[in-house]
4 protein chains.
Amino acid sequence: MSELLQNSQNGHLPASARVPAIARPFVSERAMKTLDLVEKFVEEECIPADAVFASQIGETTEQRFTSHPPIMEELKAKAKKLGLWNMFLPKNHFKEGAGFSNLEYGLMAEYLGKSRTASEATNCAAPDTGNMEVLAKYGNEAQKRKWLDPLLNGEIRSAFLMTEPQVASSDATNIEMKIERNGSDYVLNGSKWWSSGSGDPRCKIYLVLGKTDPKNQDKYKQQSVILVPHDAPGITIHRMLSVFGYDDAPHGHGHISFNNVRVPASNMVLGEGRGFEIIQGRLGPGRIHHAMRSVGAAEKALEWFLARINDPKKTPFGEQLHKHGIMIERVAHSRIEIDAARLAVLNAAIKIDESNAKGALKEIAEVKVLVPAMNLTVIDRAIQAYGGAGVCQDTPLAYMYALGRTMRIVDGPDEVHLLQLGKNENKRGPAHKARIEAQQKKTEELLAKHGMKKADTLQLNRVNGKVSKL
Amino acid sequence: MSELLQNSQNGHLPASARVPAIARPFVSERAMKTLDLVEKFVEEECIPADAVFASQIGETTEQRFTSHPPIMEELKAKAKKLGLWNMFLPKNHFKEGAGFSNLEYGLMAEYLGKSRTASEATNCAAPDTGNMEVLAKYGNEAQKRKWLDPLLNGEIRSAFLMTEPQVASSDATNIEMKIERNGSDYVLNGSKWWSSGSGDPRCKIYLVLGKTDPKNQDKYKQQSVILVPHDAPGITIHRMLSVFGYDDAPHGHGHISFNNVRVPASNMVLGEGRGFEIIQGRLGPGRIHHAMRSVGAAEKALEWFLARINDPKKTPFGEQLHKHGIMIERVAHSRIEIDAARLAVLNAAIKIDESNAKGALKEIAEVKVLVPAMNLTVIDRAIQAYGGAGVCQDTPLAYMYALGRTMRIVDGPDEVHLLQLGKNENKRGPAHKARIEAQQKKTEELLAKHGMKKADTLQLNRVNGKVSKL
Amino acid sequence: MSELLQNSQNGHLPASARVPAIARPFVSERAMKTLDLVEKFVEEECIPADAVFASQIGETTEQRFTSHPPIMEELKAKAKKLGLWNMFLPKNHFKEGAGFSNLEYGLMAEYLGKSRTASEATNCAAPDTGNMEVLAKYGNEAQKRKWLDPLLNGEIRSAFLMTEPQVASSDATNIEMKIERNGSDYVLNGSKWWSSGSGDPRCKIYLVLGKTDPKNQDKYKQQSVILVPHDAPGITIHRMLSVFGYDDAPHGHGHISFNNVRVPASNMVLGEGRGFEIIQGRLGPGRIHHAMRSVGAAEKALEWFLARINDPKKTPFGEQLHKHGIMIERVAHSRIEIDAARLAVLNAAIKIDESNAKGALKEIAEVKVLVPAMNLTVIDRAIQAYGGAGVCQDTPLAYMYALGRTMRIVDGPDEVHLLQLGKNENKRGPAHKARIEAQQKKTEELLAKHGMKKADTLQLNRVNGKVSKL
Amino acid sequence: MSELLQNSQNGHLPASARVPAIARPFVSERAMKTLDLVEKFVEEECIPADAVFASQIGETTEQRFTSHPPIMEELKAKAKKLGLWNMFLPKNHFKEGAGFSNLEYGLMAEYLGKSRTASEATNCAAPDTGNMEVLAKYGNEAQKRKWLDPLLNGEIRSAFLMTEPQVASSDATNIEMKIERNGSDYVLNGSKWWSSGSGDPRCKIYLVLGKTDPKNQDKYKQQSVILVPHDAPGITIHRMLSVFGYDDAPHGHGHISFNNVRVPASNMVLGEGRGFEIIQGRLGPGRIHHAMRSVGAAEKALEWFLARINDPKKTPFGEQLHKHGIMIERVAHSRIEIDAARLAVLNAAIKIDESNAKGALKEIAEVKVLVPAMNLTVIDRAIQAYGGAGVCQDTPLAYMYALGRTMRIVDGPDEVHLLQLGKNENKRGPAHKARIEAQQKKTEELLAKHGMKKADTLQLNRVNGKVSKL
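Residues numbered from 1 in each chain as written. Chains lettered and ligands numbered in written order. Predicted model: local features only at pLDDT ≥ 70, side-chain atom pairs only at ≥ 80, totals over all residues.

- In the nomenclature of an unreviewed UniProt entry, chain A is known as Acyl-CoA dehydrogenase NM domain-like protein of Glonium stellatum.
- In UniProt, chain A has this text filed under Cofactor (unreviewed entry): "FAD".
- UniProt, in its Sequence similarities (unreviewed entry) section for chain A, records the words "Belongs to the acyl-CoA dehydrogenase family." (UniProt positions renumbered as here; feature names shortened; annotations may be inferred.)

**Description of the overall build of chain A**
So, step 1. Broken down by element type, chain A carries 15 helices and 9 strands.
So, step 2. Once the C-alpha set of chain A is aligned to its principal axes, its extents read approximately 95 × 70 × 45 Å. (Helix = DSSP H or I, 4+ residues; strand = E, 2+ residues; numbered from the N terminus.)

**A short note on the confidence of the model for chain A**
So, step 1. Counting all residues, the mean pLDDT for chain A is 93, and 96% of those residues have values of 70 or more.
So, step 2. Scored as a complex, the prediction yields pTM 0.96 and ipTM 0.95. (pLDDT = per-residue confidence, 0-100.)

**Description of the relation of the copies chain C and chain D**
So, step 1. In screw terms, the move from chain C to chain D is a rotation of 180° and a rise of 0.0 Å along the axis, fitting with an RMSD of 0.0 Å. Taken together, the turn and the small shift mark the pair as related by a two-fold rotation axis. (Least-squares fit on C-alpha atoms with pLDDT ≥ 70 in both.)

**Brief notes about the pairing of strand β2 (residues 178-182) of chain C**
Residues and elements named next belong to chain C.
So, step 1. Pairing geometry for β2 and strand β3 (residues 185-196), over 5 bridges, is antiparallel. Of the residues in β3, the one forming a bridge with Asn182 is Asp185.
So, step 2. Two successive antiparallel strands, β2 and β3, enclose a turn made up of 2 residues, where Gly183 displays a positive phi of approximately 65°. (Pairing = 2+ DSSP bridges.)

**Side note on the interface of chain A and chain B**
So, step 1. The interface of chain A with chain B comprises 75 residues on the first partner and 75 residues on the second.
So, step 2. Going through the elements one at a time, α1 (3-8), α2 (29-56), α9 (275-309), α10 (325-354), α11 (361-386), α14 (414-426) and α15 (429-449) of chain A are the ones with two or more residues in the side of chain A that touches chain B.
So, step 3. In terms of residue count, the dominant contributor to the side of chain A that touches chain B is α10 of chain A (17 residues).
So, step 4. Within the side of chain A that touches chain B, the residues separate by chemical class into 41 nonpolar, 18 polar and 16 charged. (Contact = placed C-beta atoms within 7 Å. Nonpolar A, V, L, I, M, F, W, Y, C, P; charged D, E, K, R; others polar.)

**Things to note about the relation of the copies chain A and chain B**
For the pair of chain copies, the relating transformation is a rotation about an axis with a translation along it.
So, step 1. Taken as rigid bodies, chain A and chain B are interconverted by a rotation of 180° and an axial shift of 0.0 Å, the fit giving an RMSD of 0.0 Å.
So, step 2. Comparing interface residues between copies, 100% of those in chain A also lie at the interface in chain B; the contact surface is shared.

**Let's talk about the interface of chain C and chain D**
So, step 1. Listed per partner, the contact involves 75 residues of chain C and 75 residues of chain D.
So, step 2. Elements with a contribution of two residues or more to the side of chain C that touches chain D: α1 (3-8), α2 (29-56), α9 (275-309), α10 (325-354), α11 (361-386), α14 (414-426) and α15 (429-449) of chain C.
So, step 3. Of all the elements, α10 of chain C adds the most residues to the side of chain C that touches chain D, at 17 residues.
So, step 4. When the residues that make up the side of chain C that touches chain D are grouped by side-chain class, the tally is 41 nonpolar, 18 polar and 16 charged.

**A look at the UniProt feature "domain: Acyl-CoA oxidase/dehydrogenase middle" (unreviewed entry) in chain A**
So, step 1. Under the UniProt annotation, "domain: Acyl-CoA oxidase/dehydrogenase middle" (unreviewed entry) lies at residues 159-261 of chain A.
So, step 2. The straight-line gap between the two end C-alpha atoms of residues 159-261 of chain A is 16 Å; of that span, 0% is helix and 50% is strand.

**Points about the UniProt feature "domain: Acyl-CoA dehydrogenase/oxidase C-terminal" (unreviewed entry) in chain A**
So, step 1. The feature "domain: Acyl-CoA dehydrogenase/oxidase C-terminal" (unreviewed entry), as annotated in UniProt, sits at residues 273-423 of chain A in this numbering.
So, step 2. Counting secondary structure, residues 273-423 of chain A comes out at 76% helix and 0% strand; the distance between its end C-alpha atoms is 28 Å.

**With respect to the pairing of strand β1 (residues 157-161) of chain D**
All names here are of chain D.
So, step 1. β1 sits mainly inside the fold: 5 of its 5 residues count as buried.
So, step 2. Neither face of β1 is open: one carries Arg157, Ala159 and Leu161, the other Ser158 and Phe160, and all of them are buried.
So, step 3. Pairing of β1 with strand β4 (residues 203-211) involves 5 bridges; the strand directions are parallel. Looking at the pairing, Leu161 lines up with Val208 of β4. (Buried ≥ 20, exposed ≤ 12 C-beta atoms within 10 Å, placed from the backbone.)

**Description of the environment of His255 of chain D**
All names here are of chain D.
So, step 1. With respect to the element layout, His255 can be found in strand β7 (residues 253-264).
So, step 2. Look at His255 and you get buried, because 24 C-beta atoms sit within 10 Å.
So, step 3. Each residue touching His255, except ones within four places of it in the same chain, is listed here: Pro165, Trp193, His238, Arg239 and Leu241.

**Topic: the domain arrangement of chain A**
Many authors give the size of an interface as the accessible area that is lost as the parts come together.
All names here are of chain A.
So, step 1. In terms of domains, chain A is made up of domain 1 (15-139), domain 2 (157-269) and domain 3 (280-412).
So, step 2. Domain 1 and domain 3 are separated by 18 Å when their C-alpha centres are compared.
So, step 3. Contacts between the two partners involve 23 residues from domain 1, matched on the other side by 22 residues from domain 3.
So, step 4. Elements that contribute at least two residues to the side of domain 1 that touches domain 3 include exactly α5 (102-112) and α7 (128-138).
So, step 5. Of the residues contributing to the side of domain 1 that touches domain 3, the split by class is 12 nonpolar, 7 polar and 4 charged. (Domains from an automatic or database assignment.)

**Section: the packing of helix α5 (residues 102-112) of chain D against helix α9 (residues 275-309) of chain D**
All names here are of chain D.
So, step 1. At a closest axis distance of 6 Å, the pairing of α5 and α9 adopts a crossing angle of 40°. Looking at the two axes, α5 sits oblique to α9. In this structure, α5 meets α9 at a crossing whose hand is right-handed. The residues of α9 that touch α5, namely those facing Asn102, Gly106, Ala109, Glu110, Tyr111 and Leu112, are Pro285, Ile288, His289, Met292, Arg293, Val295 and Gly296.
So, step 2. Split into classes, the residues belonging to the contact of α5 with α9 amount to 7 nonpolar, 4 polar and 2 charged. (Axes fitted to C-alpha atoms, helices over the stretch in contact; angles between N-to-C directions. Parallel < 35°, antiparallel > 145°, perpendicular 65-115°, else oblique. Left-handed = near helix turned anticlockwise from the far one by under 90°.)

**A word on the packing of α10 of chain A against α11 of chain A**
All names here are of chain A.
So, step 1. Contact geometry for α10 and α11: axes closest at 9 Å, N-to-C directions at 155°. By the angle between their directions, the pair α10 and α11 is classed as roughly antiparallel. In the crossing of α10 with α11, the sense of the turn from one axis to the other is left-handed. Every residue of α11 that contacts α10 at Met327, Arg330, Ser334, Glu337, Ile338, Ala341, Ala344, Val345, Asn347, Ala348 and Lys351 is listed here: Glu363, Ile364, Glu366, Val367, Leu370, Val371, Met374, Thr377, Val378, Arg381 and Ala385.
So, step 2. When the residues that make up the contact of α10 with α11 are grouped by side-chain class, the tally is 13 nonpolar, 3 polar and 6 charged.

**Focus: the environment of Lys351 of chain A**
So, step 1. Among the secondary structure elements, Lys351 of chain A is positioned in helix α10.
So, step 2. For Lys351 of chain A, a count of 24 C-beta atoms within 10 Å corresponds to the buried category.
So, step 3. Note: C-alpha distance between Lys351 of chain A and Val410 of chain A (59 residues apart in sequence) is 22 Å.
So, step 4. Residue contacts for Lys351 of chain A: discarding those within four places in its chain leaves Gly359, Ala360 and Glu363 of chain A together with Ala21 of chain B.

**Regarding unusual backbone geometry**
So, step 1. Of the consecutive residues Ala249 of chain C and Pro250 of chain C, the connecting peptide bond is found in the cis state with omega at 0°.
So, step 2. Here Pro250 of chain C shows up in the loop between β6 (235-240) and β7 (253-264).
So, step 3. Backbone torsion omega between Ala126 of chain D and Pro127 of chain D reads -5°, so that peptide bond is classified as cis.
So, step 4. For Pro127 of chain D, the position within the fold is in the loop between α6 (118-121) and α7 (128-138).
So, step 5. With a phi angle near 55°, Phe317 of chain A is a residue other than glycine that sits in the positive phi range.
So, step 6. Here Phe317 of chain A shows up in the loop between α9 and α10.
So, step 7. Here Phe317 of chain A falls in the partly exposed class, since 14 other C-beta atoms lie within 10 Å of it.
So, step 8. Notably, Asp248 of chain B is not glycine yet its phi reads approximately 55°, a positive angle.
So, step 9. Checked against the element boundaries, Asp248 of chain B lands in the loop between β6 (235-240) and β7 (253-264).

**Here we look at the nonpolar core**
So, step 1. Membership of the largest hydrophobic core comes to 588 residues, with the highest contact counts inside it found for Val345 of chain A, Val345 of chain B, Val345 of chain C together with Val345 of chain D.
So, step 2. When neighbours within four sequence positions are excluded, Val345 of chain B is seen to be in contact with Gly106, Ile288, Ala291, Met292, Val295, Val367 and Val371 of chain B. (Core = buried A, V, L, I, M, F, W, Y, C linked by C-beta atoms within 7 Å.)

**Examining the environment of Pro316 of chain A**
Residues and elements named next belong to chain A.
So, step 1. Relative to the helices and strands, Pro316 is located in the loop between α9 and α10.
So, step 2. Residue Pro316 is classed as buried on the basis of its C-beta count, with 20 C-beta atoms lying within 10 Å.
So, step 3. Note: C-alpha distance between Pro316 and Ile338 (22 residues apart in sequence) is 28 Å.

**Things to note about helix α15 (residues 429-449) of chain D**
So, step 1. End to end, α15 of chain D covers 30 Å across 21 residues, agreeing with the expected 30 Å (1.5 Å per residue, within 8%).
So, step 2. Directly after α15 of chain D, the chain includes Gly451 of chain D, whose backbone phi takes a positive value near 65°. (Expected span 1.5 Å × (residues − 1).)

Here you go:
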């Protein structure tokens, strides 16, 4: 282990030694080594750089979204040198990546989730990850060379423009953005928001979901995904949305309008009407990435919590916080909840590896609901232990909470996933009912065979004030 | 699959097909087959027999604890014939068992947990399981032949007498039962309660924890475990404790006094002063068994829940319950919580298989707290969906709740496990604190290197009403 | 204060001194004095008698529902002598009662809720209370003399038969019991269950809800309430329903069938088709009574909790439980939750006093959901502090939990009340939307007036790779 | 009612008509009228001005804390004209205020809590309110004229400097700020943070808590409160603390250092060593104000929630959100929780009015814990219903959440209040134990008198394999 980890932690177990027993058969030797390297890189390079990154962003809104902190490029250079690059691209689908499974990358993503800069530093940051998957899987050669290559090299960034301000766009059939064929071009008109990443001046390419055929009777054939350069005339970024009070600069979450924005027809991805198919394939692994980063965030919150309750200067009622039983109880609950959530994510990742996102729908939905709630609970406990320091800039906790809170919303709110999961589970209802009734019938037969009545039977009547047992 | 399952469930997946992806590498082909057989046996034989069992118990307290429902012996004969016998004895420690790992048996125990009769029918019922482990591991030849053999054959039953009414006996150092050497005998005096299983007339042997050396300076050497036949003179069963309103007859939870009860010195297990060691080894796997049965109970509750919301006669506000969003949401939450809890138990079982109970302390403690709480939550939702039927004898739910509630208490209450888990986790606190401080120091160095201040710095003073920025 | 209270409690404040400040203007001097008398009677007479009552009930099911513990009559005699009788009948509606308001009786009901025998001992037990209200309000002279008088005197008991096993009868439009006119009689056919009180041999009269006009287009005019003597030929009590494992003998919850049961037409209450009106008026105050008894149960649970954590013999980890922070935290949460819930019930009681049950629909529904959940939470904490003693017969806690659990179901499950409350609240939605939009419009006008844009506005475009701020 | 309220709300009930029934006897006719005026002012003037206020603050940190939005002065002028000024000063203690009780002002504070600008606009904003109370109650004539008068007139603002970054200063005995006598002056050295309001350039006066006698054996006599002008040499504002990403400009939360700051001895409030006494008296009503504003915030969140689920454009799965049962359930829970919490606050306010803050310690502590938790729960539900709009600047919800989260920390974290409340409640423990034991003894006497044993008694022994009942 590294000096920083060695010096500070007696008996520190490296990341590889902390992989849950049940997950180990799925992790190669090489992935174990890379995992330890990721931990070291995050703890020693990225976390110390986080505050530098924040300080290198400007002060006015305009400054914040027109520049890019140079420390990030330093980190990227280091990561590349260490071979920590593009680990997210799963080996069974893409040759361009680092050659890991979703499970293996999931384990790494937990550590990336502990730092604000680590995912981007290793070229594993959303929404580029999903966009690179789309281009690698569905893009044609020209599209790949023009956009995928610089993305894979970390030279540019990208955004995925799906959400719209006026409709419940988590249901893609509600999308209103128009993509109309005009000669050899397509022309786009409409509005998008929560266009995450669009604040970054290096974000050069938008993958835009819109409707090319809004009247198609098959409402899953109306949508298309098209590539739009960020500097196409007619695009206006109106404003940046904040998350709680944070603007996430320079990344940012843009509210963008398209006014007769024109792109060549060759920018269409996969073909007209294939948009729904593309977004379906895009979401599964991304949810695992988010979830594992959230597990990492929760671990980090617990570490900060533990650091606080061992601060010898904080002694309410004359005793350090770790002497207070309610703090220890909260630590224990956090440990239990984090560990159970991690197993759920790893199981989902394996399920994706074994089949694909579609075969792992149940597992992914479970994780999508379970993990963000767990993460918020754990962070909130840590905030409370810190008091004022917990809500301000002196700890990473408040920002982590804000970011964590969005995880209950992005890629569909909890309620959508709960509803789908519940409805699917409900399909088993009639069969359960039939089986229970068959079992009850068999009980009656058994009782009859033994010449018995059920124990709860008591037949009384009280005619004329007298009781008679029937 | 069996007829009953086939007939009633369209697309029913057998138990082996529902083993979580992450656990599969740990399950042998033979265990998979046995697992399906267990499911079939439980669903087709045991569950229909549960109500017969209840009806065969007598009405008065005396009757209920002096007889034994004959249906149980029928089930045991069937189970033996199917080879479903003693699956709980882990293969890496005992040759007497069915040759499965803790993980493999854990998967089976989930199904046993769906029926009141299934665990005993397969000779996998507590407290016999733990007692057989003790005798197999620590008993001498004579003790094994006299007590272990009939237990392994399901001819007799047993009890483990640890808990005492007057002290906080979940901490074994508080035990007050006296075991005093007198010539070639030991003489016991004291009281025990929650002596589970002591109500059954076939319960022939008590494993009693008491103190042979109460003044030993090492407070973990004071205790011994000794074998006491149930009919030794001086033993009085005072009463049977109820669990909520249930008496668990004929098993029962006895309150028992020992008045100069005399047994031969050869009944001592392992040797004087080894009692603490014995109970430590006894608890780990037993907690996994309880936990997996609780997972099964939760699954059963969810199945009943689903059956209810698909009952065409129950249509509050004009719609079946499964059309009500809050019901579907509760189904989904239940699914998520059960699946995460199962993974935690399986991971703990693997950890025990790989090391032993001591090496899996953290994982076992996590499961001990997590699973019962989950189980109660899921059962309670089902009760609510059934209304009056949910709290009475027409569903198994109220009894399952009562039993499930004790799981937060037996083998040490939640609070004990949370405290130990939390304290252990807290040991990492100072190291986390040191690492965070080292990272902050590195941030300062990076900022200095770049000639910057932290972004949150704003130095103002307002001398003479004027602001100057420092 | 009484000796028992005086001797045992340093600085014990009498019940009257603990009335919340906000409720005092509504409590007469006389009610304050009666309140203290109720407390004394409950603590000194009823609670000690509770276990005697339980011991006087027989052992077999038949015995338990054909006899009546004599200690109850002793208590009733004492209560009458003290003037603690029929306090539940609100003074503004009935001259027959003790002359208190719903608020005043509510305060007393809290103390009655601490004992299993106290409500009946003071003739304030459900379902007689509601039945007496019905007879007093809607009965004709003959009905009053025949049934109300002996009920008011505590000579007989009664049951209200509404719930049916086959339908979602919490919605009264689903009721299936037939009441058909035949000459000068009515003939009843159908089944009822959860007929609480029907187990008691002194229960002489059933108020039965059924349909006299099942085809009436107004589905709230189909129902009628009719008086049926318990010994009318054709009535069979099939069995008694248990609540968790408790049978609530001799009171009991009967499952009863009516087979051509014939009663004189003069037994109709109020008139054919008035059934819905009767049950509507019956439920409001009854819910307040239940709620205040639940508040009392929660207070009692907290008292037992406090007694436990001050037991010098219970010292896990070497310290009494009250030295453990998590116990103290749970005490505090319990105190907070009980006190808030009590205020909600008192406010609802005042609302009923000021208008009537209909005018207090919102307040009653709030209490119906809030209080049982609070009660269960508080009892559960106490159970956990007691461990094994908490779930068995050595404390009143497990029984209180079982009883408390039914409160989330009786008189309509939580979900029904939440739905009605939520829907009613939702009616304000469009108005809120309109107001918010009007406010936003006014904001725009103000900004325009000051020549400003909103702070979040940032207009950028990036044509040709250059940024221009619009 | 006003036009805006009239136009937009069918059947809108004015604030006075929504005062809970139980609170009405405590509210004067005049307070009722003022209450309606407050509602009108908040809804029509303040809420539309909130976004203007936000837009008038500058962009850079320096700008944001050196200017003051002019719209606030417009609002203040309007409020004064309407007579809505200084309502917080309770009539039974101060002649300077508007003549309302704590309960009456509490009702008004709920409405003030719906707008970011309303409290300041009516000169009822913290920390000025508490500071004015201190000066009015403990200040000498000179201090009152110099600082109280301009504060009462809304000409200047103030801060209360208590919290320190290095110690657990919620326990005032840990305070480290030094206040040393030096000739006719006092000299201050030390650091403060969370100095709320210190960012505002109009904040002219600091009330500073420090130690004048750190070695005093009575640790509650070590502290003093002294007045320090904001422009005293030696004061440096280092930075402004953020709350989640919000800086609360221009108010702000300063981190301030004192380096040999010198003030005349006449600036001491009340006298050396009286600091603890001053802060004790200061906190009670302030907690009620915070709590009632939080109740108002929760109401506002619920109104926004209701507006959202009635938005005809938001139709996930083809139906408006109010058609989804889980949304309606959350509305209902919110209504229940808000209403119960409000009653708890009103009861505490009455308790303060009847005695004082010391006599209402229990009630205040209950409210301090209950209300912020309720508020966060309700806001979080609304956020979830809005999705992305809920976490960004397009709704007031995220900011309300951030502010609400601090309420679990300011004036002592939840845990401090829970511990004190719990410990106080625990004092009753031994008395409860004694009473329960006396009741159990009386039960034994009753059983003996009736010649009975307890029902749970069953005496069996099994000598020689035979059962004999004792």
